[in-house]
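One letter stands for each residue in the lines below.
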Amino acid sequence: MQAVDNVSFDLQRGEILALVGENGAGKSTLVQMLAGVQRPEAGEIYLEDEVVDFYSAYDALHAGISIVFQELSLIDGLSIAENIFANRQPVGRLNNIQWRQLYGKTRELLDRFDLELEPTTPVKRLSMGKHQILEILKAISTDPKILILDEPTSSLTEAEAVDLFENIRKLQNEGMSFIYITHKLGEVFELADRVMVMRDGKYVASQPVGEVTESDLVAMMVGREINDMFGATDYTAFSPEEYFKVEGFSRKGYFQDVTFGLQRGEILGLAGLIGAGRTEIARSIIGIDPKDSGNIWLEGCVIEIKNPQEAIDSGVAYLTEDRKGQGLFLDMSVLENLIAPVLRKFANRFGFLVRSAINENVEERIAAFDITTSSTNQKLFNLSGGNQQKCMIAMWMGIQPKVTIFDEPTRGVDVGARSDIYRKIRQLAKSGTGIIMISSELPELLGICDRILVIHNGQITGEVLRDEFSEELIMEYAAGIKNHTIH
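Just so it is clear, the model here is predicted, and its values are computed rather than measured.

Asks: Lay out the overall build of the protein chain with the relevant residues and their values.
Replies: A count of helices and strands for the protein chain gives 17 helices and 18 strands. At 24 Å, the protein chain has a C-alpha radius of gyration in line with the 23 Å of a compact globule built from 487 residues. Each of the three principal axes of the protein chain carries a C-alpha extent, and together these read 70 × 50 × 50 Å. Counting only residues that meet the buried cut, the protein chain has 52% of its 487 residues in that class. Across the protein chain, the fraction of contacts at a sequence separation of at least 24, relative to all contacts at a separation of at least 6, is 65%. Working note: accessible area of the protein chain is about 23200 Å², and carbon and sulfur atoms make up 48% of it.

Next comes the structure, spelled out in structure tokens:
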């Protein structure tokens, strides 16, 4: 199958075109050809009615096509100004950098988008959200005719995303055109004028946003209708007693006096705004970060977890939100990743690994988790985001956990893979595994959880049962407007 196969489409001046499709649909390859990163084997690109031929990204940039990739490229040790105008700094007759002019141009750009940042600030001091915004400013600084954005809100808070959309609309009003790649279908309807769908490297359809529904897009993207995306709760999997309990958990500056219980087979959501302390609580539970006080109970006994290995030995698994940086070994094979937490399981009495047992186990898990890979030896960085995420889930299910903590389990994952992941989480819960799920997407928590705890400034401010679920109530707890502490 070709990555991109005979795709034709158009883009109007001042139009925002959303580009959607599952991971592996060909979206990234298509825009890389438009931006000169890859050369097409066939076909032509027209810009303002003229055929253009790009041999490099510089050629495309010079012609007026700029791209912001999902993987950020800023250099931590350089300032905001040096990053935005890298290799394009104003210089004098002796080829020396004109610092005052550089900072002045940067200040104008920051002011244009109402960013209260200093041009001299090193980017290493900024949040990931600010890094993403600076990548976009860097692209805008070249005054492109077409700006391609690949998952630009993946690292942004809700407030930062709102600001980004406002700035995109400003640039649209000035005549700039956009190709906007996203897995968040809500953004399509909030921002785009038209949406184009790709599947298996081919063009599927292009329609005005007002003429399609989210269900229409999902069906076009995956080639089938996905009904009941989140599945149904199986209350027969629940046990009446608290199977797992966190009691009096505190870590100075991060969270304090956190107490909650989890039933066997329950899916418990942790909601809250970015920085509320949800991930920090999870990291301390499994021993990545220390706690100042508190106990963990599992099956009626206090367990001591001082490091991730002790968490694994106790049957507590944590799937990090940063699968590429912290969750997977991208330069290693699918096989090596899947057996990483359980190597001892495949050793004989002399300490040697039994290859036949490894191969059999890995093949079974690839099938069970519907991982699309050419072979067990394929490097993980060659898999789509959705298949990488499935690999991480399959990896940790190998320890047969009693409790599994999922941190942003569908971040950067397409709608088809999301459906598969939700189904697998339901299966785990039905088997009796207790699930704790951290997510910044309220519809996700409302769709799959049995109960939701809301975190604000490191404390549990509310508990919401399924029959009380509403976005408004959860946001009131998350913002600290309501407070109903549980114990």
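Let us keep going from here.
Asks: How would you sum up the sheet that holds strand E12 (residues 293-298)? Please name residues and give values.
Replies: Spatially, E10-E9-E12-E13 is the arrangement adopted by the four strands of the open sheet, whose pairing is antiparallel. At either end of the open sheet lies a strand with only one pairing partner, and these are strand E10 (255-263) and strand E13 (301-303). Adjacent strand axes in the sheet meet at a mean angle of 25°, parallel and antiparallel pairs treated alike. In terms of strand pairing, E12 meets E13 through three bridges, oriented antiparallel. The residue of E13 that forms the bridge with Leu298 is Cys301.

Asks: Just give me the short version of the packing of helix H5 (residues 128-140) against helix H6 (residues 158-173), but keep the residues and values in it.
Replies: In contact at an axis separation of 11 Å, H5 and H6 are set at 10° when each is read in the N-to-C sense. Our classification of the angle between H5 and H6 gives roughly parallel. Here Gly129, Lys130, Ile133, Ile136 and Ile140 of H5 come into contact with H6, specifically with Glu160, Leu164 and Leu171. Taken together, the residues that form the contact of H5 with H6 break down as five nonpolar, one polar and two charged.

Asks: Mind laying out the side chain of Ser79, listing which residues take part and the relevant values?
Replies: The residue Ser79 is located in the loop between strand E4 (65-68) and helix H3 (80-84) in this model. Apart from the residues lying within four places of it in its own chain, the contact partners of Ser79 are Pro119, Thr120, Thr121, Pro122 and Val123.

Asks: Would you mind going over unusual backbone geometry in detail, with residue names and values included?
Replies: A negative phi holds for most residues other than glycine; trans holds for most peptide bonds. Here Glu48, not a glycine, exhibits a phi torsion of approximately 55°, which is positive. Topologically, Glu48 is positioned in the loop between strand E2 (45-47) and strand E3 (50-52). Taking relative accessible area as the criterion, Glu48 reaches 45% and is therefore assigned partly exposed. One non-glycine residue, Asp257, lies in the positive phi region at around 50°. For Asp257, the location among the structural elements is in strand E10.

So, how was this worked out
Residues numbered from 1 in each chain as written. Predicted model: local features only at pLDDT ≥ 70, side-chain atom pairs only at ≥ 80, totals over all residues. Heavy atoms only, no water. Helix = DSSP H or I, 4+ residues; strand = E, 2+ residues; numbered from the N terminus. Rg over C-alpha atoms; globule rule 2.2 N^0.38 Å. Buried < 20%, exposed > 50% of the residue type's maximum accessible area, 1.4 Å probe, protein only. Contact = heavy atoms within 4.5 Å. Areas by Shrake-Rupley, 256 points an atom, 1.4 Å probe, with all protein chains shown as cover. Pairing = 2+ DSSP bridges. Axes fitted to C-alpha atoms, helices over the stretch in contact; angles between N-to-C directions. Parallel < 35°, antiparallel > 145°, perpendicular 65-115°, else oblique. Nonpolar A, V, L, I, M, F, W, Y, C, P; charged D, E, K, R; others polar.

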